[in-house]
Amino acid sequence: MPENSRNTPRLIKKYANRRLYDTHTSSHLTLSDIRQLVIDEIPFQVVDAKSGEDLTRSILMQIIQEAESDGEPIFSSDMLKGIIRFYGPFQGMLGSYLEKSIQTVIDVQTQTGVQSSQAWSEFMHKQVPVMQELMNQYVDQSKQLYLNTQNLFGLFGTPPSARPDGDDGRKKDDDGH
């Protein structure tokens, strides 16, 4: 293996016929092959063979979609809906949080030396309640901070419960309903 092959990303070209070609090994690849590159931590970049456009993220999303279709998915429908809702003003915050969370899990796995999937599964099963509670606290604090900020700047008006006259702001009919 050449000296810089671990540091220099392998160039993988995607052709119009959707075939993936690894310029390092001069061979065609499947999504499973690219998934193995990820698992083996081999740096790579996928580009459109004609335009040179970087397609790496798109290919990684295809691999995730394929993995989600097989076996036990990581993302529930509710979780995916939540992620979709985060696109917009909270996009950077969620992306950063997820990236740091995944890196933390990888770091813990590396530091504990827990390499087998069964041992890792048992370890994580014990950690899930703690992690869920921390996540719930973080989300609750973030939500409260956001709502307080919105109220401070009056972006949503005064909440009905805070109005001195008890009026909830809704129109009443002639009978007072």
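The protein chain is annotated in an unreviewed UniProt entry as Polyhydroxyalkanoate synthesis repressor PhaR from Phytopseudomonas dryadis.

Q: When you look at the nonpolar core in this model, what are you seeing that I'm missing?
A: Core analysis: the largest hydrophobic core is formed by 12 residues, namely Ile12, Leu20, Leu29, Leu31, Ile34, Leu37, Ile42, Phe44, Val46, Leu55, Ile59 and Ile63. Elements with a contribution of two residues or more to this core: helix 1 (31-39), strand 4 (44-48) and helix 2 (56-69). Per-element tally for this core: the top contributor is helix 1, with 3 residues.

Q: What's the story with the side chain of Lys14 in this structure? I'm lost.
A: Examined against the element boundaries, Lys14 turns out to sit in strand 1 (residues 10-14). Not counting residues within four places of it along the chain, the set of residues in contact with Lys14 comprises Arg19, Leu20, Val46, Val47, Asp48, Ala49, Leu55, Ile59 and Gln62.

Q: Looking at this structure, how should I read the sheet that holds strand 3 (residues 27-29)?
A: The strands that make up a sheet pair up through hydrogen bonds in the backbone, lying either parallel or antiparallel. With respect to topology, 4 strands assemble into an open sheet ordered 3-2-1-4, the strand pairing being mixed. At either end of the open sheet lies a strand with only one pairing partner, and these are strand 3 and strand 4. The average undirected angle you get between the axes of adjacent strands in this sheet is 35 degrees. When strand 1 meets strand 2 (residues 20-22), the two strands line up antiparallel, connected through 3 bridges. Looking across to strand 2, one finds that Lys14 is bridged to Leu20. Packed onto the sheet, helix 2 meets strand 1, strand 2 and strand 4 and runs at close to 105 degrees relative to strand 4.

Conventions used here
- Counting of residues starts from 1 at the beginning of each chain's written sequence and follows it residue by residue.
- Given that this is a predicted model, residues contribute local features only at a pLDDT of at least 70 and side-chain atom pairs are listed and counted only at 80 or more, while totals for whole chains, interfaces and linings are drawn from all residues.
- The basis for every side-chain value is the complete set of heavy atoms in the structure, and neither hydrogens nor water enter the calculation.
- As used in this record, nonpolar core signifies buried Ala, Val, Leu, Ile, Met, Phe, Trp, Tyr and Cys residues forming a set joined through side-chain atoms within 4.5 Å.
- Buried, partly exposed and exposed residues are distinguished by accessible area as a fraction of the type maximum, computed with a 1.4 Å probe on protein chains only: under 20%, between the cut-offs, and over 50%, respectively.
- To qualify as a helix, a DSSP run of H or I must reach at least 4 residues; to qualify as a strand, a run of E must reach at least 2; elements of each kind are numbered from the N terminus.
- Should any heavy atoms of two residues lie within 4.5 Å, those residues are counted as being in contact.
- Pairing between strands requires that DSSP locate at least two bridges from one strand to the other.
- What counts as an axis is a line fitted to C-alpha atoms, over the stretch in contact for a helix, and the angles between N-to-C directions run from 0 to 180 degrees.

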